[in-house]
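Tertiary structure, described
Spelled out, the chains give:
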Amino acid sequence: MKKNVIITGGAGFIGSHVVRLFVNSYPEYHIINLDKLTYAGNLANLKDVEDKPNYTFVKADICDFDKIKEVFKTFKIDNVIHLAAESHVDRSITDPFSFAETNVMGTLNLLQAARECWKDNFENKLFYHVSTDEVYGALEFDNTLFTEETRYDPHSPYSASKASSDHFVRAYHDTYGLPVVITNCSNNYGPYQFPEKLIPLFINNIRRNKPLPVYGEGVNVRDWLYVEDHARAICLVFHNGRKGDTYNIGGFNEWKNIDLIRLLVKTTDRLLGREEGVSEKLITYVADRAGHDLRYAIDASKIKDELGWQPSLQFEEGIEKTVRWYIDHQDWLDSVTSGEYQNYYREMYKM
Ligand code: NAD
Ligand code: TYD
């Protein structure tokens, strides 16, 4: 069936994988990638789909309510997959306001634009909010897992803003009947991630022989999922998820930071042709992140049992693929860190 689907944040890390999957798998859908192109958004992530007939890029800010309504009307939007956000915890600690503006107000704008433009007639409509497991807070070092019933308990300004936006999405469902679905996913890794997050930052630093700043003792635990597995899960929930429901998505793959860092060092050294482990000398313990959540771990059995989703990649295999990608795309790493790509696309799109 023909659908006009707006994907916000499609030029970012996860968004670009979601856009690519939808454009390639559903030629009958028209995919509108709406992105402001902040430092984290990069149209070079989507070079392979930019000429496809079912793909359109619109540069817009989700905080600009009039512009969002105009886009809804121009493209007769049926469905929304909302990923646009400020996404880095460390930045949220130094600049919490931009997180509240984009993640809370931006989401509220989209919800209200959807409601107004769909004129409260919600047949075949869907508002899909892509969220994080960080809304649940932190677990102890035990066997507990976040389930869909876990009480929200965000600690960082980032997770507080995402929790707030989740609440607004549910409020629009409960109050106005807007058909919504929310997924809360664990830490993603893979190609096209901005090198401020742990995995691409460390690969880049190993490559350039720069220090690897480990926060605190390096004992914090995260559950890691390959980004294409997340994109597949989003596609599945988009088509088969129950309206008004929430699904947790995770890798069943917990790693203590320091163990993950040692694996990264080993893999990157080997793929760079260096003596394996030689870059361990770059590991530098630094002051802990303020409010650093101890452990995240997801119980993803609901999406597994109800929709038949599970991760496809073993972690070591995913890390190998990821390190190889960053080594083969050093020009991408250099350009996103220099800001050159922004000038390039500004010219190309006459922005
Ligand atoms: P990202 O930072 O790589 O990309 C965010 C994108 O949003 C960028 O393209 C940016 O230009 C765009 N954007 C930012 N502000 C905007 C605005 N005001 N208007 C329009 N576009 C704007 O983020 P990501 O890691 O790809 O995360 C995408 C979504 O998934 C976020 O909502 C995040 O909370 C969620 N999430 C991320 C992870 C993860 O591990 N990265 C895990 C779970 C959930
Ligand atoms: P990050 O990739 O920022 O994701 P999140 O904070 O959303 O989980 O960080 C992953 C883990 O790595 C987290 O426990 C913080 C830690 N970390 C470091 O030790 N050093 C770093 O330079 C970064 C960016 C993160």
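The model shown is predicted, which means the values in this text are computed figures rather than measured ones. (Residues numbered from 1 in each chain as written. Chains lettered and ligands numbered in written order. Predicted model: local features only at pLDDT ≥ 70, side-chain atom pairs only at ≥ 80, totals over all residues. Heavy atoms only, no water.)

On to the site of ligand 1, then. The immediate surroundings of ligand 1 are formed by 29 residues, with I14, D35, S87, Y158 and K162 found nearest. Here an oxygen atom of ligand 1 sits 3.4 Å away from a polar atom, N or O, in the main chain of L37. L83 places a main-chain nitrogen or oxygen 2.9 Å from an oxygen atom of ligand 1. Contributing elements (two or more residues each) for the shell around ligand 1: α1 (13-25), β5 (126-132), α5 (157-176) and β7 (187-189). Top element by residues in the shell around ligand 1 is β5. It accounts for three residues. (Near = heavy atom within 4 Å. Polar contact = N/O pair within 3.5 Å; in protein donor to acceptor, adjacent residues only side chain to side chain. Helix = DSSP H or I, 4+ residues; strand = E, 2+ residues; numbered from the N terminus.)

Another aspect to go through is empty space enclosed by the protein. Enumeration over the complete set of coordinates arrives at two cavities of 30 Å³ or more. In this structure, the largest cavity occupies an estimated 70 Å³ of space. Of the residues contributing to the lining of the largest cavity, the split by class is four nonpolar, three polar and four charged. The space that makes up the second largest cavity amounts to roughly 40 Å³. (1 Å grid on protein atoms, 1.4 Å probe; cavity = no way out; pocket = protein on both sides within 12 Å on 5 of 7 lines; lining within 4 Å. Points joined across faces, edges and corners; volume = space filled by probe spheres on them. Nonpolar A, V, L, I, M, F, W, Y, C, P; charged D, E, K, R; others polar.)

The seven strands lie next to each other as β3-β2-β1-β4-β5-β6-β10, forming an open sheet whose pairing is parallel. Bordering the open sheet on either side are β3 (55-59) and β10 (245-249), each of which pairs with just one other strand. Neighbouring strand axes in the sheet, compared pairwise and without regard to direction, differ in orientation by 20° on average. The sheet contact formed by strand β4 (residues 79-82) and β5 spans four bridges and is parallel. Across the sheet, the residue bridging to N79 is L126, located in β5. Sheet contacts for α1: β1 (3-8), β2 (29-35), β3 and β4; angle to β2, the most-contacted strand, approximately 160°. The strands touched by α5 within the sheet are β5, β6 (180-185) and β10, with β5 carrying the most contacts at an inclination of about 155°. (Pairing = 2+ DSSP bridges. Axes fitted to C-alpha atoms, helices over the stretch in contact; angles between N-to-C directions. Contact = heavy atoms within 4.5 Å.)

Here we come to the sheet that holds strand β9 (residues 221-226). Overall, mixed pairing links the three strands, which are arranged β7-β9-β11 in an open sheet. The two strands at the open ends of the sheet, each matched to only one other strand, are β7 and β11 (254-256). Adjacent strand axes in the sheet meet at a mean angle of 50° when their direction is disregarded. Alignment of β9 against β11, held across three bridges, turns out to be antiparallel. Pairing of D223 across the sheet is with E254, part of β11. Each of β7 and β9 touches helix α7 (residues 227-240); the most contacted strand, β9, lies at about 70° to it. This element, helix α8 (residues 257-271), spans β9 and β11 of the sheet and lies at about 90° to β11.

Keep in mind that these numbers describe shape and distance, not what the molecule does.
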